[in-house]
Every structure is written in structure tokens, then in C-alpha cells.
Amino acid sequence: MAFELPPLPYAYDALEPYIDARTVELHYSKHHMTYLNNLNTALEKAPQFFEWPLEKILSHLDEIPEEIRMTVRNNGGGVFNHNIYWAIMGPNRGGEPVGNLARAIEKTFGSFASFKEQLEKAGLGRFGSGWAWLSKKADGTLVIHSTPNQDTPLAEGLYPIIGVDVWEHAYYLKYQNRRAEYLSNWWNLVNWEEAEKRYNGK
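Conventions used here
- Residues numbered from 1 in each chain as written.
- Predicted model: local features only at pLDDT ≥ 70, side-chain atom pairs only at ≥ 80, totals over all residues.
- Heavy atoms only, no water.
- Buried < 20%, exposed > 50% of the residue type's maximum accessible area, 1.4 Å probe, protein only.
- Helix = DSSP H or I, 4+ residues; strand = E, 2+ residues; numbered from the N terminus.
- Pairing = 2+ DSSP bridges.
- UniProt positions renumbered as here; feature names shortened; annotations may be inferred.
- Axes fitted to C-alpha atoms, helices over the stretch in contact; angles between N-to-C directions.
- Contact = heavy atoms within 4.5 Å.
- Polar contact = N/O pair within 3.5 Å; in protein donor to acceptor, adjacent residues only side chain to side chain.
- Expected span 1.5 Å × (residues − 1).
- Domains from an automatic or database assignment.
- Buried area = accessible area lost by both parts, 1.4 Å probe.
- Salt bridge = Lys/Arg side-chain N within 4 Å of Asp/Glu carboxyl O.
- Nonpolar A, V, L, I, M, F, W, Y, C, P; charged D, E, K, R; others polar.

1. What to know about the pairing of strand 2 (residues 142-148)
Turning to step 1, where the next piece is worked out: Among the seven residues that make up strand 2, five are buried, leaving the element largely enclosed by the rest of the structure.
Turning to step 2, where the next piece is worked out: Pairing of strand 1 (residues 130-136) with strand 2, which is carried by seven bridges, proceeds in the antiparallel orientation. Bridge pairing in strand 2 links Lys136 to Leu142.
Turning to step 3, where the next piece is worked out: Taken together, strand 1 and the strand that follows it, strand 2, pair antiparallel across an intervening segment of five residues, in which Gly140 is found at a positive phi of about 95°.

Here is the structure:
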């Protein structure tokens, strides 16, 4: 059965004023949907992989037939990354981490302020298109890192907790070339309760 686009958990304008409604609409209904359609089209050539969760596919790309592997990597990654991105944001959010994640961030990075600074640096340092992540290693420790294009932390054996999209399509209508301003404002949208669930769930 083909993969489906998860419903956006809020209205297009719910992330205003930090991310404008038109950007959310285009990002979700055009970019995200295109990744999904391309992934499903590619997997029609190897339909047995429709039985796999997307996370498993992206963690075992070497098992995907070579003729569609790059397409699945790029577009499956686009679907997976955006699923996290939309879920990890919301209206009337922001603030600071909660629970076990808050304690782990403080232990690993020294303070929430230091963590924010390092994640923004990862996003600013990504040349061209990509993502900045807070991910968890197999041993439970946290790491800040960046991936190019639509590559996922899964390919590195990491489990993503929060991810911020630094492709220009995520912010250009409002911020143009001001990626730093977008990253700074993005903290006002982070759904720390959802991040805590992700941290505790793996």
C-alpha cells in the first residue's frame, strides 16, 4: 500500500508570524507532496517495500534495488524529514525543553542557551540545502549535526529528535537570504512535548 501524506496538525496560518501561511501551504502541499509522489512511483518497481515502514527503508537503503535507490533515498528522506518537521512545530509553542530531554540537553551541552547556539550554528553552516538536527545515538547520548539535501539521520545510525529545514523553500518568501533570522525565530514554534515523546520513544 502506497505511503500517504500525514495530515498537517494545524492550519496553514497557525505558525504566523514566524513562518507565513503561504510558505507553509507551498511547503506542505507542493514540496512535501512531490517527495511523497516520487517515492511511491519509485517503489512501484519494487512493491514489496511498501510493506516496510519508511524508517526501515531509510535505515536499510543498501537493500533497495540499485536502479531506484537514489530516488528512494532522496524522496523517502524528503517525506521522513518533513513528517518530523511539521510534527515538531506548532502554534503557541516555544519555551524550553521538558522532562528527560531537558535534563539530557543540559547534561550534554551545558545549558539550553548553549544547545540553541550550537543547533543554529549547524543550520547556518550547512552550505546549500539541508537540515540541522538534534539526534540520539544508539547509546542514548545526544548529538547536534547537519545533513545535506534530504539525507536523514537514520543513514548515520542516529534517531532524530528535532529537525529544522534549512532549504530555502522553508523560509525564502518571508526571510529571503536571512537564514539566521529564520533559525532564531524558529525556536518560538518548537513543540517540546512532541520532542520529549520522540526522545523517550527510542
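Next comes the rest of the account.
2. What about the UniProt feature "domain: Manganese/iron superoxide dismutase C-terminal" (unreviewed entry) in the protein chain?
Turning to step 1, where the next piece is worked out: In the numbering adopted here, UniProt assigns the feature "domain: Manganese/iron superoxide dismutase C-terminal" (unreviewed entry) to residues 98-198.
Turning to step 2, where the next piece is worked out: A distance of 12 Å separates the end C-alpha atoms of residues 98-198, which is 44% helix and 21% strand.

3. Structural notes on the sheet that holds strand 2
The strands making up a sheet associate through hydrogen bonds between their backbones, and the pairing can be parallel or antiparallel.
Turning to step 1, where the next piece is worked out: With respect to topology, three strands assemble into an open sheet ordered 2-1-3, the strand pairing being antiparallel. The open sheet has two edge strands, strand 2 and strand 3 (159-165), and neither has a second partner. Between one strand axis and the next, the sheet turns by 25° as a mean value, whatever way the strands run.

4. Topic: the UniProt feature "binding site: Mn(2+)" (unreviewed entry) in the protein chain
Turning to step 1, where the next piece is worked out: With numbering aligned to this structure, UniProt lists the feature "binding site: Mn(2+)" (unreviewed entry) at His27, His82, Asp165 and His169. A compact arrangement is adopted by the annotated residues: their sequence extent is 143 residues, whereas the largest C-alpha distance between any two is 12.2 Å.
Turning to step 2, where the next piece is worked out: Residue placement: His27 occurs in helix 1 (residues 21-43).
Turning to step 3, where the next piece is worked out: Note on His27: relative accessible area 1%, which makes it buried.
Turning to step 4, where the next piece is worked out: Excluding residues that lie within four positions of it along the chain, His27 makes contacts with His32, His82, Tyr85, Trp86, Asp165, His169 and Ala170.
Turning to step 5, where the next piece is worked out: Checked against the element boundaries, Asp165 lands in strand 3.
Turning to step 6, where the next piece is worked out: Classification of Asp165 as buried rests on a relative accessible area of 0%.
Turning to step 7, where the next piece is worked out: For Asp165, the side chain forms a polar contact with the side chain of His27, separated by 3.0 Å.

5. Concerning helix 1
Turning to step 1, where the next piece is worked out: Under the 1.5 Å per step criterion, the end-to-end length of helix 1 is 32 Å for 23 residues, consistent within 8% with the ideal 33 Å.
Turning to step 2, where the next piece is worked out: On its buried side, helix 1 packs onto helix 2 (54-59), helix 3 (66-87), strand 3 and helix 6 (172-175).

6. Here we look at the domain arrangement of the protein chain
Turning to step 1, where the next piece is worked out: Examined at the domain level, the protein chain breaks down into domain 1 (21-88) and domain 2 (99-200).
Turning to step 2, where the next piece is worked out: Counting from both sides, the interface comprises 20 residues of domain 1 and, opposite them, 28 residues of domain 2.
Turning to step 3, where the next piece is worked out: Both faces considered, domain 1 and domain 2 share a buried interface measuring about 1,900 Å² in area, 61% of it formed by carbon and sulfur atoms.
Turning to step 4, where the next piece is worked out: The three residues of domain 1 that bury the most area against domain 2 are Asn81, Tyr85 and Ile88, which together make up 36% of that side's buried surface.
Turning to step 5, where the next piece is worked out: Counting every contact that joins domain 1 to domain 2 gives one salt bridge.
Turning to step 6, where the next piece is worked out: Its salt-bridge partner being Arg73, residue Asp151 comes within 2.8 Å of it at the nearest N-O pair.
Turning to step 7, where the next piece is worked out: Scanning the region where domain 1 abuts domain 2 turns up nine residue pairs in polar contact (both at pLDDT 80 or more).
Turning to step 8, where the next piece is worked out: The leading source of residues in the side of domain 1 that touches domain 2 is helix 3, at 10 residues.
Turning to step 9, where the next piece is worked out: The residue inventory of the side of domain 1 that touches domain 2, partitioned by class, reads eight nonpolar, nine polar and three charged.

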